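Each chain is listed here by its residues.
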Amino acid sequence: MVADEAGMRLALREAQAAARADEVPVGAVILKDGEVVGRGRNRILETGDPTAHAEMLAIQSATHWLGERWLSGCTLFVTLEPCAMCAGALVLARIHRLVFGASDPKTGACGSLRNVVEDGRLNHQVGVQRGVLAGESSQLLKQFFGVKRR
């Protein structure tokens, strides 16, 4: 879907900014009615906060921008499959839809290791589109960690 690729390209820009800051290159944007209402990139090293994941910061940014605690009608685009913490936050924020690039078999909580966002036992489920620009998202991570290993 063209709109999903456009949203993911915005998230990739955030991920590239994270890489330039020597953070794990994960980026996220939140769109509502085609407008960017939230942005985030990993800032764990910068802030010294282990919860400063791209998704968490994008959610904070969007709730501030919209002046609302629920993000109904919003789509979160993120370059890497969210972890359990971030997946839980998506449910709690009532994000309508999640679009992610690369799957994360080690910590992914949106279909890989577990599936928090589509768990019918919870009070909200998030629609999920997996694998949008997965190759570009994966390549950014591989390049980053390749440099780190050297």
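Look above for the structure.
Let us look at the structure shown here. These figures come from a predicted structure and were not determined experimentally.

Within the secondary structure, Ala28 is located in strand β1 (residues 27–32). Note: C-alpha distance between Ala28 and Ala15 (13 residues apart in sequence) is 7.5 Å.

Turning our eyes to something else, we now look at the packing of helix α3 (residues 54–66) against helix α4 (residues 84–93). At a minimum axis separation of 9 Å, α3 and α4 run at an interaxial angle of 20°. In terms of axis orientation, α3 runs roughly parallel to α4. Every pair of crossing elements has a handedness; the one defined by α3 and α4 is left-handed. Here Glu55, Met56 and Ile59 of α3 come into contact with α4, specifically with Met85, Cys86, Ala89, Leu90 and Ala93. Each residue belonging to the contact of α3 with α4 can be placed in one class, and the counts come to seven nonpolar, no polar and one charged.

A side chain of one charge can pair with a side chain of the opposite charge when the charged atoms of the two come close. Using the criterion set out here, one finds seven salt bridges in the structure. Asp4 is the salt-bridge partner of Arg97, the closest N and O atoms lying 2.7 Å from each other. With Arg97 in strand β4 (residues 97–102) and Asp4 in helix α1 (residues 2–20), this residue pair connects regions lying 93 residues apart in the sequence. Since its relative accessible area comes to 22%, Arg97 is described here as partly exposed. Classification of Asp4 as buried rests on a relative accessible area of 4%.

Let us look at the pairing of β1. Here β1 lies mainly inside the structure; five of its six residues are buried. Here β1 folds back onto strand β2 (residues 35–41), and the loop between the two strands holds two residues, one of which, Asp33, carries a positive phi near 55°. The pairing of β1 with strand β3 (residues 74–80) spans five bridges and is classified as antiparallel. Residue pairing for β3: Lys32 is matched across the bridge by Cys74.

This paragraph deals with unusual backbone geometry. Leaving glycine out, the prevailing phi sign among residues is negative, and the prevailing peptide bond configuration is trans. In this model, Asp22 sits at a positive phi of 65°, which is unusual for a non-glycine residue. Positioned with a positive phi, Arg94 is a non-glycine residue whose angle comes to about 60°. Mapping Arg94 onto the fold places it in the loop between α4 and β4.

About the cut-offs
- Per chain, the residues get numbers from 1 upward, laid out in the order the sequence is written.
- Per-residue local features of the predicted model are confined to residues with pLDDT of at least 70, and side-chain atom pairs are confined, for both listing and counting, to 80 or more; whole-chain, interface and lining totals are unaffected and use all residues.
- Here the side-chain values reflect all heavy atoms present in the structure, with hydrogen atoms and water set aside.
- Helix numbering and strand numbering both begin at the N terminus, where a helix is a DSSP run of H or I of at least 4 residues and a strand a DSSP run of E of at least 2.
- Comment: axis = line fitted to C-alpha atoms, over the contacting stretch for helices; angle = value between 0 and 180 degrees taken between N-to-C directions.
- Orientation categories follow fixed angle ranges, with anything under 35 degrees roughly parallel, anything over 145 roughly antiparallel, 65 to 115 roughly perpendicular, and all other angles oblique.
- Crossings are sorted by hand: turned counterclockwise from the far helix by less than a right angle, the near helix makes the crossing left-handed, and turned clockwise it makes it right-handed.
- Contact definition: two residues touch when any of their heavy atoms are within 4.5 Å.
- Note on residue categories: nonpolar means Ala, Val, Leu, Ile, Met, Phe, Trp, Tyr, Cys or Pro, charged means Asp, Glu, Lys or Arg, and polar means any other residue, Gly included.
- In what follows, salt bridge is the name for a side-chain nitrogen of Lys or Arg lying within 4 Å of a carboxyl oxygen of Asp or Glu.
- When accessible area is computed with a 1.4 Å probe and restricted to protein chains, residues below 20% of their type maximum are described as buried, those above 50% as exposed, and intermediate ones as partly exposed.
- Two strands qualify as a pair provided that DSSP identifies no fewer than 2 bridges between them.

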